Amino acid sequence: MPSFVLFNIYLFYGLVFFAIGCVVVFRNFKYSQLPIASTLWALALFGFLHSFHEWSELYMLMFAESIDGQYRGVIAWLRLIKLFLSYIALMIFAWQLFDIIHLRFKQFGRSLIGIALLGYFGSVLLKWHFEPMSEVVYFDVAHAIRLWIGFGGASLAGIGLIIYGHMLKQQTKAYGSYFIGSGLGLLVYGVLSGVVHTDWHHSVPVMRTLAATVILVCLYQALRVFDIEKERATEAKLKRALEAEKYNAIGQLAMGVAHEVNNPLASATLALDLLSRQSPNESQQEYIQRVRLGINRAASISKELLNYARPAKEEAAKLYLRQVIEAAIVLLAHKAKAYPITLICSPNVTLVGQKIKLEELFINLLANAIDASQPGQEIRLIVTESESELQIQVIDTGTGMDEVSLARAMEPFFSTKVVGEGTGLGLAICDKIVKLHSGHMSIESMPGHGTQVLIRLPKEAN
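For the structure given in this document, a descriptive report is provided here.

### Concerning the overall build of the chain
Secondary structure summary: the chain contains twelve helices and seven strands in total. Intrachain contacts of the chain at a sequence separation of at least 6 include 73% that bridge at least 24 residues. With an accessible surface of roughly 25,500 Å², the chain has 62% of that area assigned to carbon and sulfur atoms.

Take a look at the structure:
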């Protein structure tokens, strides 16, 4: 092959791997929510080390004849060391990658990495034990590095990226396909660099360069799409933070309204008491009683609104759970008129907790069940108790959720409702309240078959 062509191939070959390192290094992963972010340093290290290796190989190809013979042996082993270090970085990347994917792949992948390393060291030790140091041994060790470490590391890293990309696609992440593309590129590169020898054909370096280019382009696109989604998520969080400010102001307004409403209600109650004493007529007493019931209901709603909106902290105390749930139902009475709510809970069931927080928990759960149901569909709330804990089920027969939505149901700001109808904070707040009470919340749901929320709460504070 002409020297000019060879020079350009290896120059571009090393440049592609250098670019792979730069693509990772110049991304800010400090606040990244991408699990793979903690492993990409090893891939960047592989890119930089391998680019240095290829460029130094280019130098050896161009100027090998001018090197003094006494240094050839040292240089040969230095070439092996940098080749080994570059592929070991890729092996480290594969090892860490299997730590973030599904558990059933983790042990299998790491076992294969262990086998590859044992195979390499075993073959090298056998060579050194039975044969003296020679050029033949050098080529055999180089072949062992490429086969066991290079092919093994690239193949396992590629498989890991493909599995990881498939996991992202199941979560409807757009960049999952690009990680799969990077994995396929690594698989091809592993075969070309670890199994196919350079001397087989002059096109082998070109094919390796093309495989590395596929890795670079797919990795760049994957991280670029991630950055775009991250920007969108940041904008959405900012928007919802502004909405939270608005809701906080509404809460303050609600407290003021509740206080102002309580004053005339108290005056009306006092006036009714006086009127009741002055009017012995039974028919008038009946009307007075109806008015009293209306005023008491308005006072009860005002009280629950005040409790819900009040931001003050509260100490845990012994509570009757049925009373807490009934208070939440009263506050939602205007919304729940067309939805029969069945409450199965003994009046004697108690637990230690924060009343306002628990009311907020049941308000959110019941509101979600109502939103997911059609008018007339029953919503059941069942409480059972054991010696040490309470089991609370909130069951509806509404629209339900698919597997993807169910997996993200308790994720902050995730909502299946159309824009403007939900903040995506309801279930996230519920989960936080349950954890605050040292409990656990799980959700089961199927499209068209409704949703069941199961909460386990300890009866005593931990």
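This is not the end of the story, as more comes after the structure.
### Points about the sheet that holds strand β7 (residues 450-458)
Strand order in the open sheet formed by five strands is β2-β4-β5-β7-β6, with mixed pairing between adjacent strands. Edge strands, defined here as strands with exactly one partner in the open sheet, are β2 (341-344) and β6 (440-446). Along the sheet, successive strands turn relative to each other by an average axial angle of 10 degrees, direction set aside. The pairing of β2 with strand β4 (residues 379-385) spans four bridges and is parallel. Along β4, the bridge assignment pairs Ile344 with Ile382. With respect to the sheet, helix α9 (residues 321-331) is in contact with β2, β4 and β5 (389-396), its orientation differing from that of β2 by roughly 170 degrees.

### Digging into the pairing of β5
Walk down a regular strand and you will see the side chains alternate between the two sheet faces. Across seven bridges, β4 lies against β5 in antiparallel orientation. Bridge assignment links Ile382 to a residue of β5, and that residue is Gln393. What sits between β4 and β5 in their antiparallel hairpin is a turn of three residues. With eight bridges connecting them, β5 and β7 associate as antiparallel partners. Residue Asp396 lies in a different strand from β7, and its bridge partner there is Thr451.

### Description of the packing of aromatic side chains
Scanning the model with the defined rule gives eleven aromatic pairs in all. Judged by centre distance (5.6 Å) and plane angle (55 degrees), the rings of Tyr13 and Phe17 are tilted. Taken together, the positions of Tyr13 and Phe17, both in helix α1 (residues 3-25) and four residues apart, correspond to about one turn of that helix. Judged by relative accessible area, Tyr13 falls into the buried class, the value being 1%. Classification of Phe17 by relative accessible area gives buried; the value is 0%. Among the aromatic residues, those joined into a ring-pair cluster are Tyr10, Tyr13, Phe17, Phe46, Tyr87 and Tyr189.

### Digging into the side chain of Ser373
Within the element layout of this structure, Ser373 appears in the loop between α10 (355-372) and β4. Here Ala369 takes part through its backbone oxygen, which lies 2.7 Å from a polar atom of the side chain of Ser373. Excluding anything up to four places from it in sequence, Ser373 contacts Tyr339, Ile379, Asp396 and Gly398.

### Brief notes about the nonpolar core
Counting residues in each nonpolar core, the largest one holds 65 residues, and the members touching the most others are Phe93 and Phe179. Residue assignment for this core shows that the elements contributing at least two residues are α1, α2 (40-63), α3 (69-97), α4 (103-130), α5 (135-170), α6 (176-194) and α7 (204-278). Looking at this core, the element that brings in the most residues is α5, giving 14 residues. What Phe179 contacts, discounting residues up to four positions off in sequence, is Leu34, Ile36, Leu161, Ile162, Tyr164, Gly165, Leu168, Leu219, Ala222 and Leu223. One finds Val394, Met401, Leu427 and Ile455 within the second-largest nonpolar core, a separate group that totals 38 residues.

### Observations regarding the pattern of salt bridges
Scanning all chains against the criterion turns up eleven salt bridges. One salt bridge connects Lys106 with Asp99, and the closest N-O pair in it is separated by 2.8 Å. Its salt-bridge partner being Glu385, residue Lys459 comes within 2.8 Å of it at the nearest N-O pair. Of this pair, Lys459 sits in the segment after β7 while Glu385 sits in strand β4, placing them 74 residues apart in sequence. Salt bridges sharing partners connect three or more residues here, namely Glu57, Arg79 and Lys82.

### Considerations on unusual backbone geometry
Despite not being glycine, Ser438 shows a phi value in the positive range, around 60 degrees. Mapped onto the elements, Ser438 comes out in the loop between α12 (426-436) and β6. Note on Ser438: relative accessible area 38%, which makes it partly exposed.

### Concerning the environment of Lys459
Note on Lys459: relative accessible area 17%, which makes it buried. Along the sequence, Lys459 and Ser438 sit 21 residues apart, while their C-alpha atoms lie 10.0 Å from each other. Within polar-contact distance, the side chain of Lys459 engages the side chain of Glu385 at 2.8 Å. Of the polar contacts made by the side chain of Lys459, one reaches the backbone oxygen of Ser386; its length is 3.3 Å.

### Regarding the packing of α9 against α10
At a closest axis distance of 9 Å, the pairing of α9 and α10 adopts a crossing angle of 55 degrees. For the element pair α9 / α10, the angle class is oblique. Seen along the crossing, α9 lies across α10 with a hand that is right-handed. Contact residues: Leu321, Val324, Ile325, Ala327, Ala328, Ile329 and Leu331 in α9; Lys355, Leu358, Glu359, Phe362, Ile363 and Leu366 in α10. Taken together, the residues that form the contact of α9 with α10 break down as eleven nonpolar, no polar and two charged.

### Some words on the pairing of β7
The element β7 is extensively covered by neighbouring structure, given that seven of its nine residues are classed as buried. Pairing between β6 and β7: seven bridges, direction antiparallel. Paired with Ser445 across the strands is Thr451, a residue of β7. From the end of β6 to the start of β7, which pair antiparallel, there are three residues, and Gly448 there has a positive phi angle of about 80 degrees.

### Some remarks on α10
For α10, with 18 residues, the first-to-last C-alpha span of 26 Å sits near the 26 Å given by 1.5 Å per residue. Across the 18 residues of α10, 14 count as buried, placing the element largely inside the fold.

Criteria and cut-off values
- Residues numbered from 1 in each chain as written.
- Predicted model: local features only at pLDDT ≥ 70, side-chain atom pairs only at ≥ 80, totals over all residues.
- Heavy atoms only, no water.
- Helix = DSSP H or I, 4+ residues; strand = E, 2+ residues; numbered from the N terminus.
- Contact = heavy atoms within 4.5 Å.
- Areas by Shrake-Rupley, 256 points an atom, 1.4 Å probe, with all protein chains shown as cover.
- Pairing = 2+ DSSP bridges.
- Axes fitted to C-alpha atoms, helices over the stretch in contact; angles between N-to-C directions.
- Phe/Tyr/Trp six-rings, centres within 6.5 Å; stacked < 30°, edge-to-face > 60°.
- Buried < 20%, exposed > 50% of the residue type's maximum accessible area, 1.4 Å probe, protein only.
- Polar contact = N/O pair within 3.5 Å; in protein donor to acceptor, adjacent residues only side chain to side chain.
- Core = buried A, V, L, I, M, F, W, Y, C linked by side-chain atoms within 4.5 Å.
- Salt bridge = Lys/Arg side-chain N within 4 Å of Asp/Glu carboxyl O.
- Parallel < 35°, antiparallel > 145°, perpendicular 65-115°, else oblique.
- Left-handed = near helix turned anticlockwise from the far one by under 90°.
- Nonpolar A, V, L, I, M, F, W, Y, C, P; charged D, E, K, R; others polar.
- Expected span 1.5 Å × (residues − 1).

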